[in-house]
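# Coordinate analysis (summary)
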Amino acid sequence: MLAEFRLSWRQAVVRGLRWGGLGSGAVIVLVSALPGQRELTELAWIAVLAPLPLGVLCGAADRVLARTRLDEAGLRGRAYGTYAFVPWLRVADIRAERRRDRTVVAVYLTDGGMLRLHAPYDGGLFDRDPRFEQKLVLICQVWEAHRHGSREPEARSLS
């Protein structure tokens, strides 16, 4: 394996808090829709606050599950199921593209298809990845080194 990319911890926690916040909002709507319920009881408060830590746990699990691997054979992207494998020779272009509120890595294939990588990405204020551009450059360099069938990227001297 040449490189592996996952969500940053901050991205995972922010994603989890969003999911937990949506769950808490749904519980509030549900409890307030019940007839005769004007005040939230202790049990209702627990039901409102419980989705937040559960969401953070889901975000941590998402960090483990959503990843991208680069190896000698090609690119492997995974969100929640099996890996989607693309050999380097099938990759036509790699670009950073804006999707909703995120900048994601889009891999264009020679057959006209496209694979959007789940990691790395760069999001909004709390979802930022300060190393996103470095990761994108690394993905492009590995692709350039392997796209014409060469096996080893050129060794560069930093001195």
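Residues take numbers from 1 onward in each chain, read along the sequence in its written order. In view of the model being predicted, local features appear only for residues whose pLDDT reaches at least 70, and side-chain atom pairs are presented and counted only at 80 or more, with totals across whole chains, interfaces and linings using the full set of residues. To obtain the side-chain values, all non-hydrogen atoms of the structure were used and water was disregarded.

When pLDDT is averaged along the chain, the result is 81, and 87% of the positions lie at 70 or above. With pLDDT under 50 throughout, residues 153-159 is counted as low confidence; its partners more than four residues away or in other chains account for three contacts. The predictor attaches a confidence to each residue, called pLDDT, with possible values from 0 through 100. Contacts: residue pairs with any heavy atoms within 4.5 Å of one another.

This part takes up the packing of aromatic side chains. Stacked, edge-to-face and tilted are the three classes for Phe, Tyr and Trp ring pairs, Trp counted by its six-membered ring, which pair at centre distances within 6.5 Å; planes under 30 degrees apart are stacked, over 60 edge-to-face, the rest tilted. Enumeration over the complete set of coordinates arrives at zero aromatic pairs. Over a ring means this: the NZ of a Lys or the CZ of an Arg is within 6 Å of the ring centre and within 35 degrees of the ring normal. One cation-aromatic arrangement involves R95 over Y108; the distance from NZ or CZ to the ring centre is 4.3 Å. Above the ring of Y121, the side-chain terminus of R102 is found at 4.3 Å from the ring centroid.

Glancing now at the pattern of salt bridges. One speaks of a salt bridge when a side-chain nitrogen belonging to Lys or Arg is within 4 Å of a carboxyl oxygen belonging to Asp or Glu. A complete count under the given rule lists 13 salt bridges for this structure. In this structure, R99 and E97 form a salt bridge, with 2.7 Å as the shortest nitrogen-oxygen distance. Per-residue accessibility, obtained with a 1.4 Å probe over protein chains only, is compared with the maximum for each type, and a residue is labelled buried under 20%, exposed over 50%, and partly exposed between these values. With relative accessibility at 30%, the residue R99 sits in the partly exposed group. Relative accessible area serves as the criterion here: at 14%, E97 is assigned to the buried category.

In this section: the nonpolar core. One finds L70, L75, I94, V105, V107 and I139 to be the most contacted residues of the largest nonpolar core, which totals 18 residues. Mapped by element, the contributors of at least two residues to this core are β1 (3-6), β5 (91-99), β6 (102-109), β7 (114-122) and α4 (132-146). No other element matches α4, which puts five residues into this core. Residues in contact with V107, not counting those within four places in the same chain, are L75, V91, D93, I94, G113, M114, L115 and L117. The criterion is simple. A nonpolar core is a set of buried Ala, Val, Leu, Ile, Met, Phe, Trp, Tyr and Cys residues joined through side-chain atoms within 4.5 Å. Where helices and strands are cited, they refer to DSSP runs of H or I of at least four residues and of E of at least two residues respectively, numbered from the N terminus.

Attention now moves to a nonpolar patch on the surface. A grouping of V13, L17, W45, L49 and L52 is seen on the molecular surface, where their side chains present a nonpolar patch of about 420 Å² in accessible area. Of all elements in the fold, only α1 (9-33) and α2 (42-49) reach the threshold of two or more residues within the nonpolar patch. Structurally, W45 is set in helix α2. Like-charged residues are merged into a patch within 9 Å and nonpolar side chains (Val, Leu, Ile, Met, Phe, Trp, Tyr) within 5 Å, provided each residue has over 30% relative accessible area and no salt bridge. Computed with the Shrake-Rupley method and a 1.4 Å probe, the accessible areas treat only the protein chains shown as cover for residues.

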